[in-house]
Amino acid sequence: MSRSVEAGPALSPITADDVEFAVRLAAGVLRDAPPERWGGRAGSLEWDCWETVEHLANDLLYYAVQLGPQSPPLDTHVPFALSRKRPDGPGVFVHAERDAGPAGLVQVLEACGALLVAMVRTTPPQVRAHHAAGVSDPEGFAALALQEMLVHMHDLAEGFGFAWDPPSALCSRVLARLFPHAPGGSDPWLTLLWATGRAELTEHPRLTAWRSDSTPRP
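Rules used in this analysis
- Residues numbered from 1 in each chain as written.
- Predicted model: local features only at pLDDT ≥ 70, side-chain atom pairs only at ≥ 80, totals over all residues.
- Heavy atoms only, no water.
- Helix = DSSP H or I, 4+ residues; strand = E, 2+ residues; numbered from the N terminus.
- Buried < 20%, exposed > 50% of the residue type's maximum accessible area, 1.4 Å probe, protein only.
- Polar contact = N/O pair within 3.5 Å; in protein donor to acceptor, adjacent residues only side chain to side chain.
- Phe/Tyr/Trp six-rings, centres within 6.5 Å; stacked < 30°, edge-to-face > 60°.
- Contact = heavy atoms within 4.5 Å.

Draft legend 1. View of the side chain of Arg177. The residue Arg177 is located in helix α5 (residues 168-178) in this model. For Arg177, a relative accessible area of 3% gives the class buried. For Arg177, the side chain forms a polar contact with the side chain of Glu139, separated by 3.3 Å.

Right, dumping it as structure tokens:
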């Protein structure tokens, strides 16, 4: 019988430093991405690589602004207007200037990441704000950001043809925070890919639907 990732010693909380590290790691890889492949599909997604990085930047911005109001909303997002450049593209709050090229897009990712890092670092831990995966605390938003960064970088790695193998310890902490009932005993990175519908595990077929749980842990 597989065990849950909750088994064993408690893992350390996810922090703003973890988000900062993940953004820096991703930005370093993306700067070396083949220029001709930015318009190609990102792994199994319906989005191209440019759209996927733009989506990532918007996720980081979204998490930051949810924590921003004096009384954060608990039932919906802060009402920035979403828009799409094409019907099947991601809904975003902000777009990167295409004329700035991939280097400019990576700067947008870094800037949105820095905003989230600052908010997680300075927001009191008792603050709560809305997310579709559950009303969350600052650590939960940091964990959601890491989930998005790690997993969508996997999609981008498939699209660009580069390697992406994030630290196992970071994956373990994301699993413990967002997927506490995920099966244990396998590589944490592979388990995170399974938990987000991107891989199979032994005795656990690939998921066709999945959901993280960002509610605070006791």
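Draft legend 2. Inspection of the packing of aromatic side chains at higher detail. In total, this model carries eight aromatic pairs according to the counting rule given. Pairing Trp38 with Trp50 gives two aromatic rings, centres 6.3 Å apart and planes at 75°, and the pair type is edge-to-face. Residue Trp38 is found in the loop between α1 (16-30) and α2 (49-66), and its partner Trp50 is found in helix α2; the two are separated by twelve residues along the sequence. The pair Trp38 / Trp50 is uniform in exposure class, with both members buried. Judged by centre distance (5.8 Å) and plane angle (45°), the ring pair of Tyr63 and Phe141 falls under tilted. Taken together, the positions of Tyr63 in helix α2 and Phe141 in helix α4 (residues 138-160) put the pair 78 residues apart, joining distant regions of the chain. The structure contains a cluster of three or more aromatic residues connected by ring pairs, namely Tyr62, Tyr63, Phe80, Phe93 and Phe141.

Draft legend 3. Local environment of helix α6 (residues 188-195). The element α6 is extensively covered by neighbouring structure, given that seven of its eight residues are classed as buried. Every buried residue of α6 is listed here: Pro188, Trp189, Thr191, Leu192, Leu193, Trp194 and Ala195. Contacts from the buried residues of α6 go to α4 and α5. For α6, the capping residue at the N-terminal end is Asp187, with a side-chain oxygen 3.2 Å from the backbone nitrogen of Trp189. Remark: Gly197 follows α6 within two positions and exhibits a positive phi of approximately 75°.

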